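Each chain is listed here by its residues.
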Amino acid sequence: MKRSAIQNLICFAAVFFLFPVFLYAEPSDQNVVARVNGVAITAAELERATDTYVPPGTYHMELGVQKRKEYRKPALEMLIDRELLFQEAVARGITAKNDEVSSALEEVEQQFKRKADFDLALRNTGVTLEEYREALKRNISIDKLLKAEVEDKGSLSDKELEEYYNRNKEKFLKPEAFKVWHILLKVPAEATDEERGERKSQAQDLMKKLEAGEDFSELAGKYSGDDYRVKGGDLGWVHMGRLEAALDEALSSLQPGNTVMVETIYGYHILRLEAKRPPEQLELNDIKGTLKQDLEAMRRKDNRDALMDFLKKKARIEKYTAAE
């Protein structure tokens, strides 16, 4: 199903937080839900922000009302954060250039087949072109501030990455692994005690056959469980933590060549440990890309949290009952 022009605008706006200009209003105006250093955030802005969490028409009746109420608070906090960031950008002289705004506007218009569709979407959402350009300008300014204070300062050098790895080598171990053969005799969740008892007896009979020397792979071919999507019961190498906790615990206490029966909510498992592989140290080159990405994401989150904490501590933020 194709999205309408209005949906396109809302979707694109949600990604870039392209809300209309923050309008000024008198303190007694019921349309004001909050003020940030004297700048008003209106009820209309809050409704549009809430739409990014709970789009209109997604929920119905009482559920929809409750969902919108739940998301008004995070939506308002997001608007407050954006206003604080914009004010800080202005204070630092970080502004969007006209050509940057025009380029961003052109990118939005290209989401529509015709410019007339874009103009109609603006009218239907109650936003003038001037307001939308101002919103773009604000967001570009905010993005520039975040790039300088969050993104650029979140980069990690190769030296820092190596130092972190050397300090935390114990975190980068490939877990202990087991080469396992497996049979599952399933027990339905609705099974009676008698039915479960019958399955247990069957599992015990299989254990006796295995102890008597019957080939595990042949028996596994008859009873292999779909839960593990294996053929013939050969699970191959399985790292600690990949199976149910009860199975991991049983395998960790086995020696190669041993067989054990374990009961879980799925039924009776028969496991034979063919081989065991101890934890292995991963080298930096093996994990460098993922580690760099994860650490930089953490650093950038810390940078943003620190920036917002700094801005909020020096700000005057007022929230009114209309925001509830």
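Anything mentioned here points back to the structure above.
Since the model is a prediction, treat every value here as computed from it, not as a measurement. (Residues numbered from 1 in each chain as written. Predicted model: local features only at pLDDT ≥ 70, side-chain atom pairs only at ≥ 80, totals over all residues. Heavy atoms only, no water.)

Visitor: Sorry if this is basic, but what is going on with the overall build of the chain here?
Guide: Scanning the chain from terminus to terminus reveals eleven helices and nine strands. Considering the chain as a whole, with its 324 residues, one finds that 36% of them fall into the buried category. By sequence separation, contacts in the chain at least 24 residues apart represent 73% of the contacts at least 6 residues apart. Of the accessible surface of the chain, which amounts to about 19300 Å², a share of 50% is contributed by carbon and sulfur atoms. (Helix = DSSP H or I, 4+ residues; strand = E, 2+ residues; numbered from the N terminus. Buried < 20%, exposed > 50% of the residue type's maximum accessible area, 1.4 Å probe, protein only. Contact = heavy atoms within 4.5 Å. Areas by Shrake-Rupley, 256 points an atom, 1.4 Å probe, with all protein chains shown as cover.)

Visitor: What exactly am I supposed to notice about the nonpolar core here?
Guide: For soluble globular proteins, nonpolar side chains are generally found buried alongside one another. Ranked by internal contacts, the top residues of the largest apolar core, which has 24 residues, are Ile41, Leu76, Leu84 and Leu85. Where this core is concerned, the elements lending two or more residues are β1 (32-36), α2 (43-51), α3 (61-91), α6 (129-151) and α11 (284-313). Counting residues per element, this core draws most heavily on α3, at nine residues. If we skip the residues at most four places from it in the chain, Leu85 touches Ile142, Leu145, Leu146, Arg304, Leu307, Met308 and Leu311. (Core = buried A, V, L, I, M, F, W, Y, C linked by side-chain atoms within 4.5 Å.)

Visitor: Is there a simple way to think about helix α5 (residues 115-124) in this case?
Guide: An α-helical segment advances 3.6 residues per turn. Residues three or four places apart therefore align on the same side. Looking at α5, one finds that the buried residues are Asp117, Phe118, Ala121 and Leu122. Buried residues of α5 fall within an arc of 140 degrees about the axis and therefore sit on the same side. Two residues or fewer past α5, Gly126 is found with a positive phi of approximately 75 degrees. (Arc of directions from axis to C-beta.)

Visitor: Which parts of the structure should I look at to understand the sheet that holds strand β9 (residues 317-319)?
Guide: Remark on secondary structure: sheet strands pair via backbone hydrogen bonds, oriented parallel or antiparallel. Spatially, β2-β1-β9 is the arrangement adopted by the three strands of the open sheet, whose pairing is antiparallel. Among the strands making up the open sheet, the edge pair consists of β2 (39-42) and β9. Here the average twist between neighbouring strands, direction ignored, is 20 degrees. Summarising the sheet, β1 and β2 pair through four bridges and their orientation is antiparallel. (Pairing = 2+ DSSP bridges. Axes fitted to C-alpha atoms, helices over the stretch in contact; angles between N-to-C directions.)

Visitor: Just to check I follow, could you spell out the sheet that holds strand β6 (residues 259-264) for this structure?
Guide: Here we have four strands laid out as an open sheet, ordered β5-β4-β7-β6, and antiparallel in their pairing. With one partner strand each, in any of the chains shown, β5 (234-239) and β6 form the two edges of the open sheet. Pairs of neighbouring strands in the sheet enclose a mean axial angle of 35 degrees, with direction left out of account. Across the sheet, helix α8 (residues 193-211) touches β4 (177-186), β6 and β7 (267-277), and the angle it forms with β7 is around 35 degrees.

Visitor: What exactly am I supposed to notice about the packing of α6 against α11 here?
Guide: Each pair of packed helices can be described by the angle between their axes along with the distance between the axes. Direction vectors running N to C along α6 and α11 enclose 115 degrees, while the axes themselves pass 9 Å from each other. Every residue of α11 that contacts α6 at Leu146, Glu149, Val150 and Glu151 is listed here: Arg300, Asn303, Arg304 and Leu307.

Visitor: It is not clear to me how the pattern of salt bridges should be interpreted in this structure. Could you clarify?
Guide: Close approach of charged atoms lets side chains of opposite charge pair. The tally for this structure, following the rule as stated, stands at 25 salt bridges. With a closest N to O distance of 2.4 Å, Glu47 and Arg72 form a salt bridge. Note that Glu47 is positioned in helix α2 and Arg72 in helix α3, a separation of 25 residues in sequence. Here Glu296 ties to Lys292 by a salt bridge, and the two come within 3.2 Å at their closest N and O atoms. Of this pair, Glu296 and Lys292 both sit in helix α11, separated by four residues, roughly a single helical turn. The exposure class assigned to Glu296 is buried, which follows from its relative accessible area of 11%. By relative accessible area, Lys292 is classed as partly exposed at 27%. In the salt-bridge network here, residues are joined through shared partners; they are Glu88, Arg92, Glu149, Lys153 and Lys314. (Salt bridge = Lys/Arg side-chain N within 4 Å of Asp/Glu carboxyl O.)

Visitor: Would you explain the packing of helix α4 (residues 98-109) against α6 in this entry?
Guide: The contact between α4 and α6 brings their axes to 9 Å, and the two run at 115 degrees. As the angle between them shows, α4 and α6 are arranged roughly perpendicular. Viewed along their axes, α4 and α6 form a crossing whose handedness is right-handed. The segment α4 lies against α6, with Asn98, Glu100, Val101, Ser102, Ala104, Leu105 and Val108 engaging Leu129, Tyr132, Arg133, Leu136, Lys137, Ile140 and Lys144. (Parallel < 35°, antiparallel > 145°, perpendicular 65-115°, else oblique. Left-handed = near helix turned anticlockwise from the far one by under 90°.)

Visitor: Looking at this structure, how should I read helix α10 (residues 245-252)?
Guide: Considered for burial, the residues of α10 that qualify are Leu247, Asp248, Ala250 and Leu251. In a view along the axis of α10, the buried residues occupy a sector of 165 degrees, so they form one face of it. In α10, those exposed residues whose orientation departs by more than 90 degrees from the buried face are Ala245 and Glu249. Buried-residue contacts for α10 involve β4, β5, β6 and β7.

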